[in-house]
Amino acid sequence: MSTRSKTWPTLLAERPLPWEPSADVYRTKDGWLVKFDLAGVQIGDVTVALQGRRLIVSGVRRDSFLEEGSSYYSMEISYNRFERSLLMPANLENARVTIVAREGLLLVRMITEGNENV
Amino acid sequence: MSEQPVVYTLPVLPLKSAVLFPYLVMPLSAGRAASIAAVEAALATESKEILIFTQRDADIDTPGKDDLYTIGTKAVIRKMNRSSEGHLELMVMGMERVVLLKVDSSEPFLKGRANPLPLPEDKGPEIEALQGALAELAGEALTLAQPNTPQELRGLLASNEDPLRLTFVLSAMFSLDAEKSQSLLEAPTRAEALRMMHRYLMHEVQVLELRNKITNEARTEMSKEQKDYLLRQQMRAIQQELGEKGGEQAEAQQLSERLEKAGLPEDILKEAKRELDRLEKLPPGAPDYNVIRTYLDYVLDLPWTKSTEDSLDIAKARQVLDEDHFGLKDVKERILEHLGVLKLNPNAKAPILCFVGPPGVGKTSLGQSIARALNRKFERMSLGGLHDEAELRGHRRTYIGAMPGRVIQAMRRAGANNPVLMLDEVDKLGHDFRGDPAHALLEILDPEQNKTFRDNYLDLPFDLSKVLFVTTANALDTIPRPLLDRMEILRLGGYSEEEKLEIAKRYLIPKQLKETGLTVEQCNLPDDTVRKIISGYTREAGLRRLERAIGRVTRKVALKFAEGAAGPFTVSVDDLVEMLGPEQFNQEEARRDLPPGVATGLAWTESGGDVLYIEGTLLPDGKGLTLTGQLGEVMQESVKAAQSYIWSHAGDFDIDPALFKNSGVHVHVPAGAIPKDGPSAGVTMATALTSLYTKLPARSDVAMTGEITLTGLVLPIGGIKEKVLAARRAGIHTVIMPKANQKDLRDLPEEVRKEMEFIFASRVEDVLQTAIPQLAERMDTCKTRLISHAA
């Protein structure tokens, strides 16, 4: 049986394709720090792009914990392509960007040292 | 890219009756083993991708490639959960449109290869126009389907830039069936998809409109009253605009005009106008509206000042009364007296008459006759069994269905304020916890108070003082004293045989002949025959049974005519047995040769008078006094008084005193089943007991009546006429009665007075001497003895 379940309402995807990780944005002394909830994502699968004020993080989360002979009992974590676009308060195209993965979080630090074109 | 087309090799999830569109998240439930296996296989990949195709036929359980539409969607499984029944609850996200190329394997699950089939991207003004139209239509449909759709959802529809996405969203929102959804997914151009969706949605809108109309109609019916009210208000507005008067305004206007013309007394008019003001302010739908209208109607209908003109021609009135009734001199005189008074003083207070007499003597018809003689309206109401005061005085208007009392209703029917109002059976008023209607009558029948009689419903004073009240009763003892006090009692005694004969000849026979359609010539009832009917077939004070018997005779005669016999017929005495059966009453023969201890008394009953034998016997070795025959308390006491009197005068009657000591007495009054009471059998008791103790028989041709005292006085009693007539019927021609009742003899018809012998007694000795002849002799010798002793 693969019918549409009556118990769940049809959900409309706000944004169509990829899933969106949650993000925190910090104002730091020398610029901005954006923290993405991207556990289980290899840093090589992530692309960070800055277009004017827009910060776009996209990539793929692959399920790398599959064992031979095992199967899912339930699944809540979203896999496959993700994409998150944030509108920053300032144009950060000239900022220095560093990307670090730590404890399941992706940290994008943008250092402007005060040269922001707000 | 085109040289090397992308090919996905993925598990295939067949959908039974739904289509997953790209861009949409859809909850699914996978239950079939193959589907579960396919989902598990998909989840076992890094990317969780799966191909979703819709089945052409939802009833197939294990579909192959040919059972699926070739165009479907590649999806990512977002969430998975197992339900308690072992199903997999999925949340899938449509990624892109694909076309199924090949199914690699079908065991344990379908695995297929598919090429992406990019969604069409045609552009142009037509697309824009179509999209605009569709969005508008969607808004309309949404309003119809769910009037309170969240604003965000509407915003979402409007903001959809991609026309295809709009169609997909709408398809999911309005739950299009699988076939339609599939064709939407397969649409080769945006334009076609938009047109298709527009068509579907149009249909949906029509269905929704129809459904809303149906529910609206149902709702409208519920609030019909409100609608009526609204329409009426509108009509009023329109009529005002046109300068016309509205329905209820016209009604109010009409009432107001009637009020002006009705010529009501000042205070009544004021009150009525106040009510009219209230009426004008009310909407006609208000519950009070009708109450006030009915009230005003009533007030207008009542004869506040209208009265009929009395015919004051006394000769004519006398003629009318004589035409209708035979005899009844007193009553007729009283009516004529009042007429005379009215002639001299038109504002004289009307008397309140009370006709008392046995049933069938013509009390009710006399009322009608009075009305005819005075040329007044006649209204009659029976008070028999009436036990609610409100029946007479009405209910207050606050009660639903309130009505004025019967008196006011009768006044309205009469249409004049001076009718003859007959209150029948005033002695049969009931009373219970709701009040005593007799008390209400007190006010109605008091000439001092009834000038301003206030009915609870009207709550306005109505003048009843010009009404000629006539009440009727069979007996006076159940009428409360204060009520009795207000009325002028006129007794209608029973009729004698002669009177009955006369009445039969004058009224009953012509009436019955007329009813049976015979003429006087065709059927002759000689006096002898009528006499026989009176004495042999009826026993009553009134005339009802006589009238019925005559009716029966005339009907029998009519039957003979109808059967073809040639008349005329004369009904002889002998014919009566054939027509009415054997005689029902033997002429009540007086008992001959009464033994000692029996005396003939006379009793008054509601249906006339009766002869009554009082029997006494000595009980040797017995003690005291035994009384049987359903005697009332007064009657028992009168036996004791009689006994004590005789006891104390034993010597006078030469009675052996040992008799009193050694034997008891039993007194019985037949018929034993009928309750009897009253003091009037006192002299009869005394006679019976004297006869018993002296062992001398009483005369059987003498009947007696009268109350006695312990000292031997004979006091007057009532019902002389009935008693005398009863004695005469029984063939007894001598009646002993109290001296004080001598005056009552004038009530008796002339011929009765002539035929009967009356003995008036003022002391018991007078009675005894007449009733027991041998005692008289003995007393004479006694006296002589005493005298000789003295000498």
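Rules used in this analysis
Residues numbered from 1 in each chain as written. Chains lettered and ligands numbered in written order. Predicted model: local features only at pLDDT ≥ 70, side-chain atom pairs only at ≥ 80, totals over all residues. Helix = DSSP H or I, 4+ residues; strand = E, 2+ residues; numbered from the N terminus. Buried ≥ 20, exposed ≤ 12 C-beta atoms within 10 Å, placed from the backbone. Contact = placed C-beta atoms within 7 Å. Pairing = 2+ DSSP bridges. Axes fitted to C-alpha atoms, helices over the stretch in contact; angles between N-to-C directions. Parallel < 35°, antiparallel > 145°, perpendicular 65-115°, else oblique. Left-handed = near helix turned anticlockwise from the far one by under 90°. Nonpolar A, V, L, I, M, F, W, Y, C, P; charged D, E, K, R; others polar. pLDDT = per-residue confidence, 0-100. Expected span 1.5 Å × (residues − 1).

### Things to note about the overall build of chain A
Check the secondary structure of chain A and you find zero helices and nine strands. For chain A, the α and β elements follow one another from N to C terminus as β-β-β-β-β-β-β-β-β. Scored against the burial criterion, the 118 residues of chain A give a buried share of 20%. The contacts of chain A with a sequence gap of at least 6 include a subset with a gap of at least 24, amounting to 60%.

### Some points on the overall build of chain B
For chain B, the count of helices and strands is 28 helices and 24 strands. Looking at chain B as a whole, 37% of its 791 residues qualify as buried. Taking contacts inside chain B between residues at least 6 apart in sequence as the whole, the part at least 24 apart equals 75%.

### Points about the sheet that holds strand 7 (residues 80-87) of chain A
Within a sheet, each strand pairs with its neighbour through backbone hydrogen bonds, oriented either parallel or antiparallel. Residue and element names in this part refer to chain A. Strand order in the open sheet made by the three strands is 5-6-7, with antiparallel pairing throughout. The outermost strands of the open sheet, each flanked by one partner alone, are strand 5 (46-51) and strand 7. Along the sheet, successive strands turn relative to each other by an average axial angle of 15°, direction set aside. As paired elements, strand 6 (residues 54-61) and strand 7 share eight bridges and run antiparallel to each other. Within the sheet, the bridge partner assigned to Arg-61 lies in strand 7 and is Asn-80.

### Considering the packing of helix 24 (residues 682-694) of chain B against helix 27 (residues 764-771) of chain B
All names here are of chain B. Close contact between helix 24 and helix 27 brings their axes to 10 Å; oriented N to C, the two are set at 55°. The angle between helix 24 and helix 27 falls in the class oblique. Note on packing geometry: the crossing formed by helix 24 with helix 27 is right-handed. For the pair formed by helix 24 and helix 27, the contact residues are Val-683, Ala-686, Thr-687 and Thr-690 on the first element and Val-764, Val-767, Leu-768 and Ala-771 on the second. For the contact of helix 24 with helix 27, the residue count by class is six nonpolar, two polar and no charged.

### Remarks on the sheet that holds strand 3 (residues 23-28) of chain A
All names here are of chain A. If you walk across this open sheet you meet the four strands as 3-4-9-8, and the pairing is antiparallel. With partners counted over all chains shown, the strands left at the sheet margins are strand 3 and strand 8 (96-102), one partner each. Averaged over all neighbouring strand pairs, the angle between strand axes comes to 15°, with direction disregarded. Sheet topology places strand 8 next to strand 9 (residues 105-111); seven bridges connect them, and they run antiparallel. Counterpart to Ala-101 in the pairing with strand 9 is Leu-106.

### Here we look at the confidence of the model for chain B
In the predicted model, chain B carries a mean pLDDT of 82, and the fraction of residues at 70 or more is 93%. For chain B, per-element mean pLDDT is lowest for helix 28 (residues 773-790) of chain B, which scores 63, and highest for strand 3 (residues 49-54) of chain B, which scores 92.

### What about the pairing of strand 4 (residues 71-82) of chain B?
All names here are of chain B. Relative to strand 4, strand 3 runs antiparallel, the two sharing four bridges. Looking at the pairing, Ile-52 lines up with Thr-73 of strand 4. Hairpin geometry of strand 4 and strand 5 (residues 88-105) is characterised by an intervening segment of five residues between the two adjacent antiparallel strands and by a positive phi of about 90° at Gly-86.

### With respect to the environment of B:Ser83
Within the secondary structure, B:Ser83 is located in the loop between strand 4 and strand 5. Between the C-alpha atom of B:Ser83 and that of B:Ser29, which follows or precedes it by 54 residues, the distance is 9.1 Å.

### So, the environment of B:Ile71
Residues and elements named next belong to chain B. Mapping Ile-71 onto the fold places it in strand 4. Along the sequence, Ile-71 and Val-98 sit 27 residues apart, while their C-alpha atoms lie 5.8 Å from each other. Apart from the residues within four sequence positions on either side, Ile-71 is in contact with Arg-97, Val-99, Leu-117, Leu-185 and Glu-186.

### Some remarks on helix 15 (residues 406-414) of chain B
If you check which residues of helix 15 of chain B are buried, you get B:Arg406, B:Val407, B:Ile408, B:Ala410, B:Met411 and B:Ala414. As for helix 15 of chain B, its buried residues are in contact with strand 8 (378-382), helix 14 (389-393), strand 9 (420-424), helix 16 (437-444) and strand 11 (461-462) of chain B.

### Focus: helix 13 (residues 363-374) of chain B
Residue and element names in this part refer to chain B. Counted at 1.5 Å a residue, the expected span for helix 13 with its 12 residues is 16 Å, and the 17 Å between its end C-alpha atoms agrees. Taken as a whole, helix 13 has its buried residues at Lys-363, Leu-366, Gly-367, Ser-369, Ile-370, Ala-371, Ala-373 and Leu-374. In this structure, the buried residues of helix 13 make contact with helix 11 (314-324), helix 12 (329-344), strand 7 (352-356), strand 8, strand 9 and strand 12 (468-473). Just downstream of helix 13, Asn-375 is the residue with a positive phi angle, here 60°.

### Some words on unusual backbone geometry
Residues and elements named next belong to chain B. Even without being glycine, Lys-48 reaches a positive phi, approximately 60°. As for its placement among the helices and strands, Lys-48 is situated in the loop between helix 1 (33-43) and strand 3. You will see that Glu-425, though not glycine, has its phi angle at about 55°, which is positive. Relative to the helices and strands, Glu-425 resides in the loop between strand 9 and helix 16.

### Describing the environment of B:Lys560
Residue and element names in this part refer to chain B. Among the structural elements, Lys-560 can be located in helix 20 (residues 544-562). Exposure remark for Lys-560: the 15 C-beta atoms within 10 Å place this residue in the partly exposed category. For Lys-560, the residues in contact, after removing those within four places along its chain, are Ala-565 and Phe-569.

### Quick look at the packing of helix 11 of chain B against helix 13 of chain B
Residues and elements named next belong to chain B. With their axes 8 Å apart at the nearest point, helix 11 and helix 13 run at an angle of 155° to one another. One finds that helix 11 runs roughly antiparallel with respect to helix 13. In this structure, helix 11 meets helix 13 at a crossing whose hand is right-handed. Residues Ala-317, Val-320, Leu-321 and Asp-324 of helix 11 pack against Ser-365, Ser-369, Arg-372, Ala-373 and Leu-374 of helix 13. Here the residues of the contact of helix 11 with helix 13 are counted per class, giving five nonpolar, two polar and two charged.

### Quick word on the confidence of the model for chain A
Residues and elements named next belong to chain A. Looking at chain A, pLDDT values average 79 and 81% of them are 70 or higher. Of all secondary-structure elements in chain A, the lowest mean pLDDT belongs to strand 1 (residues 2-4), at 43, while strand 4 (residues 31-37) reaches the highest, 91. Low pLDDT (under 50) marks residues 1-15, which in the prediction has 40 contacts with non-local residues, meaning those over four places away or in another chain.

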